[in-house]
Amino acid sequence: MENFNKYEDEINFKAVLKTPIRWFGLIYIFFIIVIIIGGLFYINSLPILTANKVQAEGKFAEPFKDIYKKKGVKLEGVDVFVISKPTDELITEGKKLYESNCSSCHGLEGKGDGPAGSGLNPPPRNLQTAEGWKNGRKISQMFKTLEDGIPGTAMVAYEYMPISERFAIIHFMRTLGTDFPIDNEDELKQLDLEYKLSEGKITNNQIPVELTIKLLDQENRFENEKVDEVSKFLASNHPGANIFKRLSYNEKMTYYVFMKNSSWMNDLNSFNSYLNILVQSNAIKSVATNLSKTEKEQLLEFLISIF
């Protein structure tokens, strides 16, 4: 049996190769190297390993589409039971209106092949087919589409268009296809009730959001400039100025609450009622309730003079 405890003056490499057990000590070095390499790989791959791979559910929000500026108009009422019946005059008028308002997307024959609809997603409705209508193909359902539009598509609302013109368009559109369903009396009554078609209505004015933000910014800037002037008014010798200081927690804020509501200007009773409201809401000090009639008159006179 070979003596492994025998010391040698120098390494006999040929003997090492013949006795693999002599390599046992190198296993520790091997494992240390593997651990180091594995650690470096883990650190290098950490951003990938920890990435969130859960897919978001549902559709992403649609890009914001601003509204356009338009003036409200008065829409004359109609007799739904009369105008829901197609006539040659209505169909002829509807054809003209369809060509000027709808054909660019839906095409002259209603096949959804208009030049403006080529890049739309979803594509424009093919009016000649009976499948896939969002609101349905009855007159009442088609009117709903023209009144409200279809969110998520390029089909906008035509609520500003006279009611009779929208019915004319519907009657012409129903000549482009076949087997359009007929509304019963109850459905026409519900249509009239829902949109107040017999009464008519005045549509609201609308302005783009960007313009709205600009106008609000101008209004707020004006109000802020007015509030900043309060110190100038309070420097006067008017007795109401001192009373104003006494009841204010914050002079600019007190000035602002009076500026935002003009109902207190009507008379002394209205002013007294508004003071009580402000005290109850902690907008001014409770000392306001103890003011004499003369002091309230002086304060009212002062506030009216600066507004």
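Residues numbered from 1 in each chain as written. Predicted model: local features only at pLDDT ≥ 70, side-chain atom pairs only at ≥ 80, totals over all residues. Heavy atoms only, no water.

### Here's the deal with the overall build of the protein chain
Definition in use: A run of H or I in DSSP becomes a helix once it reaches four residues, and a run of E becomes a strand once it reaches two; helices and strands are each numbered from the N terminus. Under the scheme applied here, a residue whose accessible area is under 20% of the maximum for its type counts as buried, over 50% as exposed, and between as partly exposed, the area being computed with a 1.4 Å probe on protein chains only. Between two residues, a contact is recorded if the distance between any of their heavy atoms is within 4.5 Å. To be clear on the numbers: accessible area is Shrake-Rupley with a 1.4 Å probe, and residue cover counts the displayed protein chains and nothing else.
Assigned secondary structure in the protein chain consists of 14 helices and two strands. Of all 307 residues assigned to the protein chain, the portion counted as buried reaches 31%. Partitioning the contacts of the protein chain with sequence separation of at least 6, the portion at a separation of at least 24 is 62%. If you sum the accessible surface of the protein chain, you get close to 21,300 Å²; carbon and sulfur atoms cover 57% of it.

### A short note on a nonpolar patch on the surface
Stated precisely, the cut-off is as follows: Only residues above 30% relative accessible area that lack a salt bridge enter a patch, with like-charged residues linked at up to 9 Å and the nonpolar side chains Val, Leu, Ile, Met, Phe, Trp and Tyr linked at up to 5 Å. A carboxyl oxygen of Asp or Glu within 4 Å of a side-chain nitrogen of Lys or Arg is what we treat as a salt bridge.
Taken together, the side chains of Ile27, Phe30, Phe31 and Val34 present a nonpolar region at the surface, about 380 Å² in accessible area. Counting through the fold element by element, Phe30 comes out in helix H2 (residues 26-49). Since its relative accessible area comes to 51%, Phe30 is described here as exposed.

### Concerning the state of the cysteines
Condition: Here, the term disulfide refers to a pair of cysteine sulfur atoms separated by no more than 2.5 Å.
Throughout the structure, instances matching the rule amount to zero disulfides. Among the cysteines around Cys102, which has no disulfide bond, Cys105 carries the closest sulfur, lying 8.7 Å off. With relative accessibility at 23%, the residue Cys105 sits in the partly exposed group.

### Quick word on unusual backbone geometry
Trans peptide bonds make up the majority, and among non-glycine residues the majority have a negative phi. The linkage connecting Asn121 with the following residue, Pro122, adopts the cis geometry, with an omega of 0°. Structurally, the position occupied by Pro122 is in the loop between helix H5 (103-106) and helix H6 (139-148). Located in the positive-phi region is Asp179, a residue other than glycine, with phi close to 60°. On the secondary structure map, Asp179 appears in the loop between helix H7 (163-173) and helix H8 (185-195). We classify Asp179 as exposed; its relative accessible area is 70%. With a phi angle near 65°, Asn282 is a residue other than glycine that sits in the positive phi range. Examined against the element boundaries, Asn282 turns out to sit in the loop between helix H13 (268-280) and helix H14 (293-306).

### Focus on H8
In an α-helix, one full turn covers 3.6 residues, which means residues spaced three or four apart are oriented alike. The test is simple: Along the arc lie the directions from the helix axis toward the C-beta atoms. Throughout this description, a polar contact denotes any pair of N or O atoms lying within 3.5 Å of each other; where both atoms belong to protein, one of them has to be capable of donating a hydrogen while the other can accept it, and for residues adjacent in sequence the pair is counted only when both atoms sit in side chains.
If you check which residues of H8 are buried, you get Leu188, Leu191, Asp192 and Tyr195. In a view along the axis of H8, the buried residues occupy a sector of 95°, so they form one face of it. In this structure, H8 carries Asp186 and Leu193 as exposed residues pointing more than 90 degrees from its buried face. Looking at the buried positions of H8, the neighbouring elements they touch are helix H3 (80-83), H6 and H7. Sitting at the head of H8, Asn184 places a side-chain oxygen 3.1 Å from the backbone nitrogen of Asp186. Positive backbone phi, approximately 50°, marks Lys196, located one or two places after H8.

### Here's the deal with the packing of helix H11 (residues 239-247) against H14
As a reminder of what qualifies: The convention used is that axes are lines fitted to C-alpha atoms, helices contributing only their stretch in contact, and that angles between N-to-C directions extend from 0 to 180 degrees. Every angle not falling under 35 degrees, over 145, or within 65 to 115 is termed oblique; those three ranges are roughly parallel, roughly antiparallel and roughly perpendicular. Gly counts as polar in this scheme, as do all residues outside two lists: the nonpolar Ala, Val, Leu, Ile, Met, Phe, Trp, Tyr, Cys and Pro, and the charged Asp, Glu, Lys and Arg.
The geometry of H11 relative to H14 is characterised by a closest axis approach of 8 Å and an angle of 100° between their N-to-C directions. One way to sum up the angle between H11 and H14 is to call them roughly perpendicular. Residues Pro239, Gly240, Ala241, Ile243, Phe244, Arg246 and Leu247 of H11 pack against Glu295, Gln298, Leu299, Phe302 and Leu303 of H14. Along the lines of polarity and charge, the residues of the contact of H11 with H14 split into eight nonpolar, two polar and two charged.

### Observations concerning the environment of Cys102
Secondary-structure assignment places Cys102 in the loop between helix H4 (88-101) and H5. Setting aside anything within four residues of it in sequence, one finds Cys102 in contact with Leu97, Gly107 and Ile169.

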